[in-house]
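# Structural characterization, general
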Amino acid sequence: MGRALYAVAAVAVAALLLGTYIFLTMQHGRTKTSIVLCIAGAYASEGHELADMFSNLTGSQVVVKPGGSFALAHEIALGSPCDVFMPVAFRQAVVGMGAYNPGWAIALAADSNVIVYSNASIKAFPGMADLISLYESAYTTNDSKLWYRFFYELTSGRYPLGVANPATDPEGLYAMLILEAAGELYAGDESFFIARMAQNHANITRSSTFYYVVPLEEGQIAFVFSYKSYAVANKLLYLELPPWLNFGDMSYSSWYSRFSWTIPIGGNATSIEGAPVYLYITIPKDARNLDASLEFLLFALRNRGELAKYGLTPLDRPIVFGDVNSMPMQLRDLLNNGTLQYGGPLT
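Description of the structure in this document. All of these numbers come straight from a predicted model, not from anything done at the bench.

### Some thoughts on the overall build of the chain
Check the secondary structure of the chain and you find 15 helices and 14 strands. Going through the 347 residues of the chain one by one, you find that 50% of them count as buried. Residue pairs at least 24 apart in sequence account for 73% of intrachain contacts in the chain once pairs closer than 6 positions are excluded. When the accessible surface of the chain is split by element, carbon and sulfur atoms take 55% of a total near 15500 Å².

Structural data, given as structure tokens:
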């Protein structure tokens, strides 16, 4: 009888030790899991918050890599590590991943374009306060002549403009589309303000608006074309644009599509039509850690409400674009049960 009890006790202890070992091994492996989140530079703050929340919950490490969406896509196409990709604005960035293009992306939040500035900028550039006052009059009255004067002064060269490279960052592309729309509406020539900006060397170009934060804070540049969330996340000031210029109102989609800009994608000159601003999320094909990548994507979808504090508008039902059959089964289930909705082809 004593031997039997001893044997049972020994088995129990062994089982406990084995269970403890498995638990510790799983925890150890979990903390060793690391994924790379490639995210549009304007959303670096949002990316870091989601990464920290996910790491605190799961123990997995998330390395945040911000940059221009088109530039990041090109790097991914060349084999740069990326497990989750969160580009903004144009789904062509997903296609730009080349062989790593998964064929699908999900829009989880909407944004709009604004013109960003800072108190330091106002102090550094004489006349800027008057220009802002002119903007306020134009916005309040919607007087075409006042809007013309505002954009005419904005592109005069007296106020250095941060316009990201359209080929690497969609914010730069949107800047061109905004100036085209303003030119069409207020100057009768969609190229008018773009040509004026170029002639006056008014724009300062960087690969991503991520690199304009410090110059704005220090008053080295006057304005930056960016998203509302960029201004909110970085605690900067901004000028709202009317819906026909901000590319943030779906009801103006047909108007937005009248304007386009050509950039190189995958070695080919590609004309990009204007479209509403969305923040997308997808998993590059052949991601190194598919399970962790999918876990992060599902986490981001569940916690998209956190993005509202940055000025984004989380979508009630995120929108799937592209080939549904290429998506992981968990995402197809969410589409089938109505949690997600289908929006059409990827491009």
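That was the structure; now back to the text.
### Topic: the pairing of strand E1 (residues 34–40)
Within E1, 6 of the 7 residues are buried, which leaves the element mostly enclosed by the surrounding structure. With 7 bridges joining them, E1 and strand E2 (residues 61–67) adopt parallel strand pairing. When the bridges of E2 are listed, Ser34 appears paired with Gln61. Regarding the hand of the β-α-β motif, the stretch spanning E1, helix H2 (residues 44–58) and E2 is right-handed. Bridge analysis of E1 against strand E3 (residues 84–86) gives 3 bridges, and the strand direction is parallel. What sits directly across from Leu37, in E3, is Val84.

### Let's talk about the packing of aromatic side chains
A full pass over the atoms with the stated rule returns 29 aromatic pairs. Measuring from centroid to centroid gives 6.2 Å for Tyr174 and Tyr227, while their planes differ by 80°, and the two rings are edge-to-face. Remark: Tyr227 occurs in strand E8 (residues 223–227) and Tyr174 occurs in helix H8 (residues 170–186); sequence separation between them is 53 residues. On the accessibility criterion, Tyr174 (0% relative accessible area) is buried. Taking relative accessible area as the criterion, Tyr227 reaches 0% and is therefore assigned buried. Chaining the aromatic ring pairs together yields one cluster made of Tyr135, Tyr139, Trp147, Tyr148, Phe150, Phe151, Tyr152, Tyr186, Phe192 and Phe193. Sitting over the ring of Tyr152, Arg196 keeps its end group 3.4 Å from the ring centre.

### Thoughts on the environment of Phe299
Residue position: Phe299 is located in helix H14 (residues 290–302). Here the alpha-carbon distance between Phe299 and Tyr227, two residues 72 residues apart in the chain, equals 24 Å. Residues in contact with Phe299, not counting those within four places in the same chain, are Leu50, Met53, Phe54 and Leu57.

Thresholds, definitions, all that
Residues numbered from 1 in each chain as written. Predicted model: local features only at pLDDT ≥ 70, side-chain atom pairs only at ≥ 80, totals over all residues. Heavy atoms only, no water. Helix = DSSP H or I, 4+ residues; strand = E, 2+ residues; numbered from the N terminus. Buried < 20%, exposed > 50% of the residue type's maximum accessible area, 1.4 Å probe, protein only. Contact = heavy atoms within 4.5 Å. Areas by Shrake-Rupley, 256 points an atom, 1.4 Å probe, with all protein chains shown as cover. Pairing = 2+ DSSP bridges. Right-handed = clockwise from strand over helix to strand, strands pointing away. Phe/Tyr/Trp six-rings, centres within 6.5 Å; stacked < 30°, edge-to-face > 60°. Lys NZ or Arg CZ within 6 Å of the ring centre and 35° of its normal.

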